[in-house]
Amino acid sequence: MGYEYDLSNNVLYINKNCVQAYDIEKNEIGVCGACGAHLLSISYHLFNDLIIVAKCSSCNLIFANIYDLDWVWLDEIVISHFLSGNTQNRNTGCGNILQTDGESDISAGLKLLKSIPMKQLQTIFSPAEINAMFLRTKGDEYIRQYLYNARKKYDAFEDVFGITINV
């Protein structure tokens, strides 16, 4: 697969498919395969699998660390193609799903979640997952694993209630 990364917008391109980051939390995620220094995450993406883009703290190489949906490590790929500046000219269809009428992602996501009756949310999601979704939309700190678990249930929620969540 061809991997490219837009450092200025934290967007990963996999075979010309645009994969926006769902999180840009900075964490130490392992050691560099080239020099053995610490790898620090830059962004987190979902594209069939979980992909964490990370940068080496010493040699500055950038990697795509690929995990399956159960957080089992699968592969590490060096990203050697970087994009800079305006990526609007790329024909990738990488739009922002939540943003409408000039609203920010945070206010649109929060408005969406508040519009869903709590009974419907509680039917599919655990209290911790619901809390993580609300914290994420507010821009507050949340436990990433709970949001990850909730995201695995988005399709089921859409099937049952006909409401698409993308937080």
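Analysis parameters
Residues numbered from 1 in each chain as written. Predicted model: local features only at pLDDT ≥ 70, side-chain atom pairs only at ≥ 80, totals over all residues. Heavy atoms only, no water. pLDDT = per-residue confidence, 0-100. Contact = heavy atoms within 4.5 Å. Helix = DSSP H or I, 4+ residues; strand = E, 2+ residues; numbered from the N terminus. Buried < 20%, exposed > 50% of the residue type's maximum accessible area, 1.4 Å probe, protein only. Polar contact = N/O pair within 3.5 Å; in protein donor to acceptor, adjacent residues only side chain to side chain. Salt bridge = Lys/Arg side-chain N within 4 Å of Asp/Glu carboxyl O.

K.L.:
Please give an account of the confidence of the model for the protein chain that cites residues and values.
P.N.:
Looking at the protein chain, pLDDT values average 79 and 82% of them are 70 or higher. Across residues 84-93, confidence stays below pLDDT 50; counting only partners more than four residues off in sequence or on other chains, it has 13 contacts. Every residue in residues 95-105 is under pLDDT 50, and counting partners more than four places away or in other chains gives 13 contacts.

K.L.:
Which residues make up the environment of Y13, and what values go with them?
P.N.:
Its location among the elements puts Y13 in strand β2 (residues 11-14). Sequence spacing of Y13 and G2 is eleven residues, and the spatial spacing of their C-alpha atoms is 7.8 Å.

K.L.:
Quick one: what's the story with the side chain of N10, residue by residue and with numbers?
P.N.:
One can find N10 in the loop between β1 (3-6) and β2. Taking the relative accessible area as the measure of exposure, N10 reaches 17% and is therefore buried. A polar side-chain atom of N10 sits 3.1 Å from a polar atom in the side chain of Y5. Among all residues touching N10, those that are not within four sequence positions of it are Y5, A21, I24, I42, S43 and H45.

K.L.:
With reference to specific residues and values, describe the environment of I14.
P.N.:
By secondary structure assignment, the location of I14 is in strand β2. Counting along the chain gives twelve residues from I14 to G2, while the straight-line C-alpha distance between them is 5.6 Å.

K.L.:
Could you give me a rundown of the pattern of salt bridges, with the residues and numbers involved?
P.N.:
Applying the stated criterion across every chain yields a total of two salt bridges. With its nearest N and O atoms 3.2 Å apart, the salt bridge here joins E25 to R144. Of this pair, E25 sits in the loop between β3 (17-20) and β4 (28-31) while R144 sits in helix α4 (residues 144-151), and the two are 119 residues apart along the sequence. Here E129 makes a salt bridge to K153, at a shortest N to O gap of 2.9 Å. Separated by 24 residues along the polypeptide, E129 in helix α3 (residues 127-138) and K153 in the loop between α4 and α5 (154-161) bring together distant segments of the chain. Look at E129 and you get buried, because its relative accessible area is 5%. Of the residues examined, K153 reaches a relative accessible area of 27% and is grouped as partly exposed.

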